[in-house]
Amino acid sequence: MAYGQIPYQNMEIPSKYESQKVENHWYDYWMKHKYFHSIPNEKEPYSIVIPPPNVTGILHMGHMLNNTIQDVLIRRARLMGKNACWVPGMDHASIATEAKVVAKLKSEGIEKADLTREAFLKHAWDWTDEYGGVILEQLKKLGCSCDWDRTKFTLDDDMYASVIKVFVDLYNKGLIYRGYRMVNWDPEALTTLSDEEVVYEEKQGLLYYLAYKIEGSDETVTIATTRPETILGDTAICINPNDERYRHLRGKKAIVPICNRAIPIIEDAYVDVEFGTGCLKVTPAHDINDKALGEKHQLEVIDIFNADATLNSYGLQYEGQDRFAVRKAISKELKAKGFLVKTEQHLNKVGTSERTKAVIEPRLSDQWFLKMEDLVKPAIAAVLETEEVKFFPKKFENTYRHWMENIRDWNISRQLWWGQQIPAYYFGDGQNDFVVAASKEEALAAAKEKSQNANLTFEDLRQDEDVLDTWFSSWLWPISVFGGIMEPDNEEVNYYYPTNDLVTGPDIIFFWVARMIISGYEFREKRPFENVYFTGLVRDKQRRKMSKQLGNSPDALKLIEQYGADGVRVGLLLSAAAGNDLMFDEDLCQQGKNFANKIWNAFRLVKGWEVADLQQPEAAQLGIEWYRSKFNQALAEIEDHFSKYRISDALMAIYKLVWDDFCSWLLEIVKPAYQQPIDKRTLEAIVQLFEENLKLLHPFMPFLSEEVWQHMNKRTPEQALIVSQWPVMGEVNADLIAGFDFADGVITGIRTIRKEKQIAMKDAISLSVLNEEKAATTWDTVIGKLTNVSEIAYVDAPIDGALSFRVKSNEYFIPISGTIDVAAELEKIQEELTYTKGFLQSVEKKLSNERFVQNAPEKVIALERKKQADAEAKIETLEKSLASLS
RNA sequence: GGGUCAUUAGCUCAGUUGGUUUAGAGCGCUGCCUUGACAGGGCAGAGGUCAUUGGUUCGAAUCCAAUAUGACCCA
């Protein structure tokens, strides 16, 4: 059925696009027809794995941006005929989730310490089942076309098994080892953290100068420390061997205040003679540098803290008190007893836990480590040498290089219960009385062999209590979601892996991106993805990070309700140049919503036209041809933007194409007079072009575009927009585009005069042209239609008593009734003349420079000559007008 | 302390390996315009000596150096 046979249907279509009414409908429709679902087939695959959000998380602006970009890429790939697969999922986020569960239990009066591991995990799973996955439901509201049948959780049985398999494998390769090391201890979460999870903050503190007595004399030696509570763990005083001031103390012993232990005075060049007194107390259990000194000089190690950073029995009367309370108390005692010489203000960097914000305590303990030195090699080469993995924007390669080249072994154990339990089984008390195996059965067999004790039973095996770092499961994500760890040769992983694009934030470049690249090469000898698109951080208008504490993060679902998912998507993307932080401003969502409404109303216009058996007007035919060229030109630009992951530029190109070129120009050119019908050819062409526009819009505004598409014509499920074809590039007629641009100048000139002289649009005017440019008359009908010019006369001399304007060297005259203000006209022309002369001068200056003419490429010189000729022609026109006016 | 990146219109940003009319966009701003698809709209307009100072070049927003300011990363 043709459009025009439904007369004035726009009366029945609301004049405002109502997103709330259509979004759920189309999402359900897409789901029902399984357009998001992907299975391997003969088509080219295009896959993305979602950066799995924390199971505890709720949708915030960062997720919105990130997932909108992924959806744009996936929907475009789908339109391009690829087998698009976007795998969604969630991360168990061990510290964050465990902390939340512990807090919840506490509020119910239950202490984690009173629960068995099994009981605690039951609570955690209950919690996950109840609150987990909210975020995935929210992504649906945003329009994300994930293959929900593939939803994965990092603690699913198969994902769990993958992690264990990888651990065993790396252990057997000798890359995982157990070590007694100084680690970052979070005394609140009671677990270690990797270096990356420690956030350094500058804090104003005190530098305490403490006097230690020298054994067997009345002399004292003064040291400076920021942590007086740790003196109880001191096992040496260290001086620089080149420091004359302390030379006489060689070989002597100092007495630690309060606990009165005698400790040796050692010498090491490590000591900075400039800092403090040039004399250092050494506490190997509580400082990484002191630990190194302690090992070098074989010092005793005295750990004075409990796991929660309260003091233990070495703390004497302070036992059981928190380290910061002790710091105050002990400095008081030291002062009272005369050991405290003085204090100074001191700014130092304090490590804090990313998750709990607790001040990190360096702590010696047994942990599991992954050797990184060799593992990183292929991953470095892939990004920095072969470019098998490309970063957008490229600048993040520097960050990547810096970290990878200075990488340290990865502490992968966490003293938590929520996660994959480390598959190490102890069968005795010796340092090496353990085996690593994927199951208890295998462990028993291995233990029997290792211990040479065939009588071992399951009872004798004790599995390591710790779990693995969450990132030790997410680094396998692109492989494990396709079952590629457990069944390395399965059809799915062979088809979808390597994935194509990864979209994530630069804040997890080390945590996640780098490690996925490492694991990709280690376990599949292939990159995990080809391109990594780093989004910026979402900030508020004042450039502050969005955070719960500041309360500056808008409610994502409310935004969608208010502006429509499409509006929010457009709003986010418009300001999201890759890698730049984006200042989120709700006004941009409003802009997105307005755009949706604009398209909606263009649709109403077209839908409302009645068709009649008419000749196609010349202007309409020309306009349509011009738009075809313009569309292809824009398409080329859009493809180029996509190839560089310039998503917001691609959107802006479409925005301008649709709003300016299609709506403001083309529709105005073809629009019949009020209540007049349109000819069939024009209508069909416009509908077809509109549909092409919708295809371009679909990745960005899936709901609106599908809605309009489905209203435009009756469609079968196979003809839905989401599975239609991305436009194919056609020819660009440069002459048409140039001709239009010139006409644009003429039209603007006429409109300006109408405006200045308050000549209403409904009053027809006539136009005379002094055609110095020999411009084609092709566009006259278009000019006439858009400016209500009744006739265009070509003349060979300036018209007296008319208003004038110029485009290039052409001059246009509009006769008006009444007298014209000659002085004003003269002034206007004089102004243009001054500008053009100035311009000509700058061009001539260049051309008269011999070295320019000799050295510049011919193309550039030709261009300059053209500029010169154009300017000269224009000046001639202007001077002629000046003469005729005065 | 070490490193990376940035500084272009009121705001947010483009400017593709130095030359495409004496710098572009979107938003905002100013003025005019409503029975006509859309006031969530139309049309027109104003607004920048490209952070500063030197240098390289026939030619610099673009390359180099220094300075200033800011952001991020690492220890």
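Residues numbered from 1 in each chain as written. Chains lettered and ligands numbered in written order. Predicted model: local features only at pLDDT ≥ 70, side-chain atom pairs only at ≥ 80, totals over all residues. Heavy atoms only, no water.

Engineer: Mind showing me how you'd approach the overall build of chain A here?
Structural biologist: Along chain A, the regular secondary structure elements total 26 helices and 31 strands. Taking 886 residues into account, the globule formula puts the C-alpha radius of gyration at 29 Å, and chain A, at 37 Å, lies well above it. A principal-axis box enclosing the C-alpha atoms of chain A has dimensions of 115 × 65 × 55 Å. Buried residues in chain A amount to 54% of all 886 residues. Within chain A, counting contacts between residues at least 6 apart in sequence, those at least 24 apart form 77% of the total. Carbon and sulfur atoms form 49% of the exposed surface of chain A, whose accessible area is close to 40500 Å². Looking at charge distribution, chain A has the averaged site of its 105 positive side-chain charges lying 2 Å from that of its 134 negative ones. (Helix = DSSP H or I, 4+ residues; strand = E, 2+ residues; numbered from the N terminus. Rg over C-alpha atoms; globule rule 2.2 N^0.38 Å. Buried < 20%, exposed > 50% of the residue type's maximum accessible area, 1.4 Å probe, protein only. Contact = heavy atoms within 4.5 Å. Areas by Shrake-Rupley, 256 points an atom, 1.4 Å probe, with all protein chains shown as cover. Lys, Arg positive; Asp, Glu negative; His and termini not counted. Charge placed at Lys NZ, Arg CZ, Asp CG, Glu CD.)

Engineer: I keep staring at the pairing of strand E28 (residues 765-770) and nothing clicks. Help me out?
Structural biologist: Along any regular strand the residues' side chains alternate between the sheet's two faces. Of all 6 residues in E28, 5 are buried; the element is thus mostly enclosed. Between E28 and its parallel partner strand E29 (residues 789-795), the chain crosses via helix H23 (residues 780-787), and the hand of that crossover is right-handed. Relative to strand E31 (residues 810-815), E28 runs antiparallel, the two being bridged by 3 bridges. Its bridge partner being in E31, Ser 768 is matched across the sheet by Phe 813. (Right-handed = clockwise from strand over helix to strand, strands pointing away. Pairing = 2+ DSSP bridges.)

Engineer: Please explain the nonpolar core as it appears in this structure.
Structural biologist: The nonpolar side chains of a soluble globular protein tend to be buried, and buried together. Counting 208 residues, the largest nonpolar core has Leu 370, Phe 391 and Phe 472 as the members making the most contacts within it. Considering each element in turn, this core owes the most residues, 15 residues, to helix H19 (residues 647-670). Mapping this core onto the domain boundaries places at least three of its residues in each of domain 1 (3-14 + 586-715) and domain 3 (733-820). Sequence-distant contacts of Leu 370, defined by excluding residues within four places in its chain, comprise Leu 170, Leu 175, Ile 176, Leu 375, Asp 409, Trp 410, Ile 412, Phe 472 and Trp 475. By size, the runner-up hydrophobic cluster in this structure holds 28 residues, among which are Val 221, Ile 237, Leu 311 and Leu 334. (Core = buried A, V, L, I, M, F, W, Y, C linked by side-chain atoms within 4.5 Å. Domains from an automatic or database assignment.)

Engineer: How do you make sense of the protein's contact with RNA strand B when you look at a structure like this?
Structural biologist: In the neighbourhood of RNA strand B, 51 residues make up the surrounding shell, with Lys 349, Arg 604, Trp 659, Phe 839 and Phe 852 lying closest. For RNA strand B, the backbone makes up 62% of the atoms found within 4 Å of the protein, where backbone means sugar plus phosphate. Between RNA strand B and Gln 591, the relevant distance is 2.8 Å, taken from a sugar or linking oxygen to a side-chain nitrogen or oxygen of the residue. Between RNA strand B and the protein, one listed contact pairs a phosphate oxygen with a side-chain N or O atom of Lys 671 at 3.0 Å. Those elements that provide at least two residues to the surface near RNA strand B are helix H10 (396-405), helix H17 (586-608), H19, helix H22 (734-756), helix H24 (822-848), helix H25 (850-855) and helix H26 (858-885). Broken down by element, the surface near RNA strand B gets its largest block of residues, 9 residues, from H17. Among the residues making up the surface near RNA strand B, the classes are represented as 16 nonpolar, 14 polar and 21 charged. (Near = heavy atom within 4 Å. Polar contact = N/O pair within 3.5 Å; in protein donor to acceptor, adjacent residues only side chain to side chain. Nonpolar A, V, L, I, M, F, W, Y, C, P; charged D, E, K, R; others polar.)

Engineer: Explain the sheet that holds strand E14 (residues 361-370) here, please?
Structural biologist: Each strand in a sheet pairs with its neighbour through backbone hydrogen bonds, running either in the same direction (parallel) or in the opposite one (antiparallel). Ordered by their spatial adjacency, 4 strands build an open sheet running E6-E5-E14-E16, and the pairing between neighbours is antiparallel. Two strands in the sheet have a free side with no partner beyond their single neighbour: strand E6 (191-193) and strand E16 (410-411). Taken together, the 10 bridges between strand E5 (residues 176-186) and E14 define a ladder with antiparallel strand orientation. Opposite Tyr 180, over in E14, you have Asp 366 as the bridge partner.

Engineer: Even after reading the chapter, I still don't get the packing of aromatic side chains, so can you show me in this structure?
Structural biologist: Aromatic ring pairs are reported here in terms of the distance separating the ring centres and the angle at which the planes meet. Applying the stated criterion to the full structure yields 44 aromatic pairs. For the ring pair Tyr 17 and Trp 600, a centre distance of 5.6 Å and an interplane angle of 50° mean the geometry is tilted. Taken together, the positions of Tyr 17 in the segment before helix H1 (19-32) and Trp 600 in helix H17 put the pair 583 residues apart, joining distant regions of the chain. Just as Tyr 17 is buried, Trp 600 falls in that class too. Plain terms: the ring middles of Trp 410 and Trp 475 are 5.3 Å apart, the flat faces sit at 90° to each other, and that makes the pair edge-to-face. Of the two residues, Trp 410 sits in strand E16 while Trp 475 sits in the loop between helix H12 (471-474) and helix H13 (477-480), which places them 65 residues apart along the sequence. Relative accessible area serves as the criterion here: at 3%, Trp 410 is assigned to the buried category. These aromatic residues form a ring-pair network of at least three members: Phe 167, Tyr 171, Trp 368, Trp 410, Tyr 426, Phe 434, Phe 472, Trp 475 and Phe 523. Lying across the ring of Phe 120, Lys 112 places its NZ or CZ 5.6 Å from the centre. (Phe/Tyr/Trp six-rings, centres within 6.5 Å; stacked < 30°, edge-to-face > 60°. Lys NZ or Arg CZ within 6 Å of the ring centre and 35° of its normal.)

Engineer: For this particular structure, what's the right way to read the pairing of strand E23 (residues 529-534)?
Structural biologist: Among the 6 residues in E23, 5 count as buried, and that is most of the element. Pairing between strand E15 (residues 390-392) and E23: 3 bridges, direction parallel. If you follow Phe 392 over to E23, its bridge partner there is Tyr 533. Strand direction decides the pairing type here: strand E22 (residues 499-504) and E23, joined by 5 bridges, are parallel.

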